[in-house]
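Okay, here's what each chain looks like letter by letter:
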Amino acid sequence: MDFILREWRRSDAADVAKYANNEKIARNLRDVFPYPYTLKDAKEFIDDCLEEDDFLMFRAIEADGHAVGSIALCRDDGMYRPRAELGYWLAEDFWGKGIMTEAVRRICKEGFARWDDLLRIYAEPYARNAGSRRVLEKAGFTLEGILRRNVFIWGEVCDSCMYALLTEEMSPAGD
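Residues numbered from 1 in each chain as written. Predicted model: local features only at pLDDT ≥ 70, side-chain atom pairs only at ≥ 80, totals over all residues. Heavy atoms only, no water.

Undergrad: Teacher, can you tell me more about the overall build of the protein chain here?
TA: A tally of helices and strands in the protein chain yields five helices and seven strands. Counting helices and strands in the order they occur from the N terminus, the protein chain gives β-α-α-α-β-β-β-α-β-α-β-β. At 15 Å, the protein chain has a C-alpha radius of gyration in line with the 16 Å of a compact globule built from 175 residues. The C-alpha extent of the protein chain, read off along each of the three principal axes, is 40 × 35 × 35 Å. Carbon and sulfur atoms make up 50% of the accessible area of the protein chain, which totals about 9,400 Å². Here the protein chain holds 25 positive side-chain charges and 33 negative ones, and the gap between their average locations is 4 Å. (Helix = DSSP H or I, 4+ residues; strand = E, 2+ residues; numbered from the N terminus. Rg over C-alpha atoms; globule rule 2.2 N^0.38 Å. Areas by Shrake-Rupley, 256 points an atom, 1.4 Å probe, with all protein chains shown as cover. Lys, Arg positive; Asp, Glu negative; His and termini not counted. Charge placed at Lys NZ, Arg CZ, Asp CG, Glu CD.)

Below you can see the structure in the form of structure tokens.
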């Protein structure tokens, strides 16, 4: 399925409110991701994305003319500055179509090009989130370990997984 990664627009708020308002998505993201997800939440999220700085890279995932997901790299600072954390979500209607795997490849390629001192991009999905783990593995990330009883989300203590992609593992073509 065709899609594009692009900068966020304030006009995306209605799409974000529609597609992000899904308990299946919220249960696999951090507590800062609200559920139910309102138009007010969407507007605040987009405003935050538009304040991108040297440490942040936010992109909308557009398919069928709508903003159907989000992907971001957040650069760490201090002694952790050679790394960036990857985060993402995608509307349920678009799961299983290869969109997120390719979006991860594209933003990682962009991140390594933008921050020439970046050594690694990492993601920490919940161990139970098989779909997200599959996305990362298909995009070339390596499972570095399982962090047992590492997070508390939705009233449950969960394991999380540490995945990473190193600069030298990123293929020149992004594939």
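Undergrad: Looking at this structure, I do not really get the sheet that holds strand E5 (residues 120-123). What am I missing?
TA: Spatially, seven strands are ordered E1-E2-E3-E4-E5-E7-E6 in an open sheet, and the strand pairing comes out mixed. Looking at which strands have only one partner, the edges of the open sheet turn out to be strand E1 (4-6) and strand E6 (142-153). Averaged over all pairs of adjacent strands, the angle between their axes in this sheet comes to 30°, without regard to strand direction. Note that strand E2 (residues 56-63) and strand E3 (residues 66-75) share eight bridges and pair antiparallel. Bridge pairing in E3 links alanine 63 to histidine 66. Running over the sheet, helix H1 (residues 13-20) touches E3 and strand E4 (83-90) and is turned about 90° from E3. (Pairing = 2+ DSSP bridges. Axes fitted to C-alpha atoms, helices over the stretch in contact; angles between N-to-C directions. Contact = heavy atoms within 4.5 Å.)

Undergrad: Help me out: how do you make sense of the packing of aromatic side chains in this one?
TA: The geometry of an aromatic ring pair comes down to the distance between the two centres and the angle between the two planes. What the rule picks out here adds up to five aromatic pairs. Ring plane angle 45° and centroid distance 5.0 Å describe the contact between phenylalanine 33 and tyrosine 37, whose orientation is recorded as tilted. On the numbers, 6.3 Å between centres and 45° between planes, the contact of tyrosine 35 with tryptophan 154 is tilted. On the criterion of sequence distance, the pair formed by tyrosine 35 in the loop between helix H2 (23-26) and helix H3 (39-50) and tryptophan 154 in the loop between E6 and strand E7 (156-166) is long-range, its members being 119 residues apart. (Phe/Tyr/Trp six-rings, centres within 6.5 Å; stacked < 30°, edge-to-face > 60°.)

Undergrad: I would appreciate a short explanation of helix H5 (residues 130-138) in the present structure.
TA: Buried residues of H5: Ser132, Arg133, Val135 and Leu136, and no others. All buried residues of H5 lie within an arc of 155° about the axis, which places them on one face of the element. Structurally, H5 contributes buried residues whose contacts are with E4, helix H4 (99-114), E5, E6 and E7. (Buried < 20%, exposed > 50% of the residue type's maximum accessible area, 1.4 Å probe, protein only. Arc of directions from axis to C-beta.)

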